[in-house]
Amino acid sequence: MKVKPTPCAICGETKDTPAERLAHMLVAHGPLAGASKRKRNAARKALPVIHQGLEKMGFDEITSHKVTNLVFEELRKAGAL
């Protein structure tokens, strides 16, 4: 099942995968300041997708895990998770 690309709610830029959408939102528009629990959970659920995406890009399991943990820790510090 192919997921239909959706545009960013803020700027309208279209991304193909949930991981790309999450990365775009965090990099282009900042962390989810004051986000609801639902949005924080959605961001947390995207972490395994990021991990799988890194593996598909050619990173090994350990490197993918380290990068995903780094992203999680930075999002936690920013209050997004």
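Above this text sits the structure in question.
First, a word on what this report is: a plain description of the structure on this page.

This paragraph deals with the overall build of the protein chain. Looking only at helices and strands, one finds 3 helices and 2 strands in the protein chain. For the protein chain, the sequential pattern of α-helices and β-strands runs β-β-α-α-α. Counting the 81 residues in the protein chain, one finds 21% classified as buried. The long-range fraction of contacts in the protein chain, counting pairs at least 24 apart against all pairs at least 6 apart in sequence, stands at 33%. Total accessible area computed for the protein chain in this model is approximately 5,800 Å², and 60% of it derives from carbon and sulfur atoms.

Orientation of helix H2 (residues 37-56) relative to helix H3 (residues 61-77), taken along the N-to-C sense of each, is 150°, at an axis distance of 9 Å. In terms of orientation, H2 and H3 fall into the roughly antiparallel class. Considering only the axes of H2 and H3, their crossing is right-handed. Seen from H2, the contacting residues are Arg44, Leu47, Ile50, His51, Leu54 and Glu55; seen from H3, they are Glu61, Ser64, His65, Val67, Thr68, Val71, Phe72 and Leu75. For the contact of H2 with H3, the class distribution of residues is 7 nonpolar, 4 polar and 3 charged.

Quick notes on the rules
Residues numbered from 1 in each chain as written. Predicted model: local features only at pLDDT ≥ 70, side-chain atom pairs only at ≥ 80, totals over all residues. Heavy atoms only, no water. Helix = DSSP H or I, 4+ residues; strand = E, 2+ residues; numbered from the N terminus. Buried < 20%, exposed > 50% of the residue type's maximum accessible area, 1.4 Å probe, protein only. Contact = heavy atoms within 4.5 Å. Areas by Shrake-Rupley, 256 points an atom, 1.4 Å probe, with all protein chains shown as cover. Axes fitted to C-alpha atoms, helices over the stretch in contact; angles between N-to-C directions. Parallel < 35°, antiparallel > 145°, perpendicular 65-115°, else oblique. Left-handed = near helix turned anticlockwise from the far one by under 90°. Nonpolar A, V, L, I, M, F, W, Y, C, P; charged D, E, K, R; others polar.

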